[in-house]
Amino acid sequence: MSYEIQPHNAKSASIWNSGGAQYNEISRGIADSIEHCVLRLDPKPGERVLDLATGTGWTSRVVARRGAQVTGADISADLLSFAAEQARTEGLDILYQLGDAENLPFADGAFDAIISTCGVMFASRPEAAAAELARVCRKGGRICLTTWLSDDNVFRMFMVMKPFMPPPPTSAPPSPFEWGRTERLEELLGRDFELAFEKGVSFYREPTAEAAWERFAGGYGPTKSLATSLDEDRRADLRRDFIAFHAQFSTPLGICVPRQYWVTRGIRH
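Given the structure is predicted, the values throughout are model-derived calculations rather than measurements.

Engineer: Explanation requested: the pairing of strand β8 (residues 254-268) in the structure shown.
Structural biologist: Regular strands show a simple pattern: their side chains alternate between the two faces of the sheet. Burial runs high along β8: 11 of the 15 residues are buried. Both strand β5 (residues 137-148) and β8 contribute to a ladder of 7 bridges, which runs antiparallel. Across the sheet, the residue bridging to Leu-145 is Thr-264, located in β8. With 14 bridges joining them, strand β6 (residues 193-206) and β8 adopt antiparallel strand pairing. In the strand pairing of β8, Ser-202 is matched with Arg-259.

See below:
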């Protein structure tokens, strides 16, 4: 069967695709939070696990090393290509599949467990994505998500970029950072899952604030696509503001940005 991303998500797919292989370095920057989420998911050998919004597959590889049968899904074909190549290089048997979080190409109850590390929160239609999480998770199965807090440093980083973005359409999707409030997580998932929450802190380290700009402008879809869309002067202004934000977190060895998130574990009713 042919499968396509829904038309309203085509632009998002293009934005995330723009990071290419360098997006894997963005995942490296949140590797501590990924390990936290995998620990709380506690995948067992032989379990069928979906890594939703897998990107370049960092989380899927961590789960696969625990012996689970892993499928990684994402709207970004270019990121999936890197993920598949990296899994082969590491000798990991992972299936990668183009997959729209709001309309997944999987059967009801197809997975024992689902993980999404700062991924599903960027779905443009949160209710649809939440419904799909419940649909493809078997009864008694579980989910584990990491989502950035709604008022912490990743949100603030996006606020640095916001003045350089075009005005949102009148029908703009809700902010992904709504997933950073437990009240909203209960609204989205509480009907189908018994939820529990645990707060964590991821530490983003670079040798300099300028290195943070190079990392994000080179490999993080939202930052790279924004920078590319600007004229030379505006791009220089964005670079200046992005560097200034990260310079607030200077240490004697470089920068270290604390970024708070929720781990949400859900047991399927």
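Engineer: What am I meant to see in empty space enclosed by the protein here?
Structural biologist: To find leftover empty space, a probe the size of one water molecule is rolled over the atoms. On inspection of all chains with the given rule, the structure shows 2 cavities of 30 Å³ or more. What lines the largest cavity is a set of 28 residues, among which Trp-16, Ala-53, Asp-74, Gly-119 and Phe-122 lie closest to the centre. Of all elements in the fold, only α1 (10-17), α2 (23-28), α4 (58-64) and β2 (69-74) reach the threshold of two or more residues within the lining of the largest cavity. Counted by class, the lining of the largest cavity contains 15 nonpolar, 10 polar and 3 charged residues. Approximately 170 Å³ is the volume attributed to the second largest cavity. If you go around the second largest cavity, you meet 16 residues; those closest to its centre are Ile-26, Ile-30, Trp-148, Phe-216 and Tyr-220. Among the secondary structure elements, those contributing two or more residues to the lining of the second largest cavity are α2, α7 (153-161) and α9 (209-219).

Engineer: Any chance you could explain the nonpolar core here in plain terms?
Structural biologist: Side chains of nonpolar character tend, in soluble globular proteins, to be buried together. Counting 82 residues, the largest nonpolar core has Leu-50, Leu-52, Ile-114 and Leu-189 as the members making the most contacts within it. Once residues within four sequence positions are removed from consideration, Leu-50 is found in contact with Thr-71, Ala-73, Leu-104, Phe-106, Phe-111, Ala-113, Ile-114, Ile-115 and Val-136.

Engineer: Where do I start with the UniProt feature "domain: Methyltransferase type" (unreviewed entry) in the chain in this structure?
Structural biologist: Look at the UniProt record and you will see "domain: Methyltransferase type" (unreviewed entry) annotated at residues 50-144. Taken end to end, residues 50-144 is 33% helix and 31% strand, and its two terminal C-alpha atoms sit 11 Å from one another.

Engineer: Please clarify how the side chain of Arg-61 should be interpreted in this entry.
Structural biologist: With respect to the helices and strands, Arg-61 occurs in helix α4. A residue is classified by how much of its surface remains accessible, and Arg-61, at 3% relative accessible area, is buried. Here Thr-56 takes part through its backbone oxygen, which lies 2.7 Å from a polar atom of the side chain of Arg-61.

About the criteria used
- Residues numbered from 1 in each chain as written.
- Predicted model: local features only at pLDDT ≥ 70, side-chain atom pairs only at ≥ 80, totals over all residues.
- Heavy atoms only, no water.
- Buried < 20%, exposed > 50% of the residue type's maximum accessible area, 1.4 Å probe, protein only.
- Helix = DSSP H or I, 4+ residues; strand = E, 2+ residues; numbered from the N terminus.
- Pairing = 2+ DSSP bridges.
- 1 Å grid on protein atoms, 1.4 Å probe; cavity = no way out; pocket = protein on both sides within 12 Å on 5 of 7 lines; lining within 4 Å.
- Points joined across faces, edges and corners; volume = space filled by probe spheres on them.
- Nonpolar A, V, L, I, M, F, W, Y, C, P; charged D, E, K, R; others polar.
- Core = buried A, V, L, I, M, F, W, Y, C linked by side-chain atoms within 4.5 Å.
- Contact = heavy atoms within 4.5 Å.
- UniProt positions renumbered as here; feature names shortened; annotations may be inferred.
- Polar contact = N/O pair within 3.5 Å; in protein donor to acceptor, adjacent residues only side chain to side chain.

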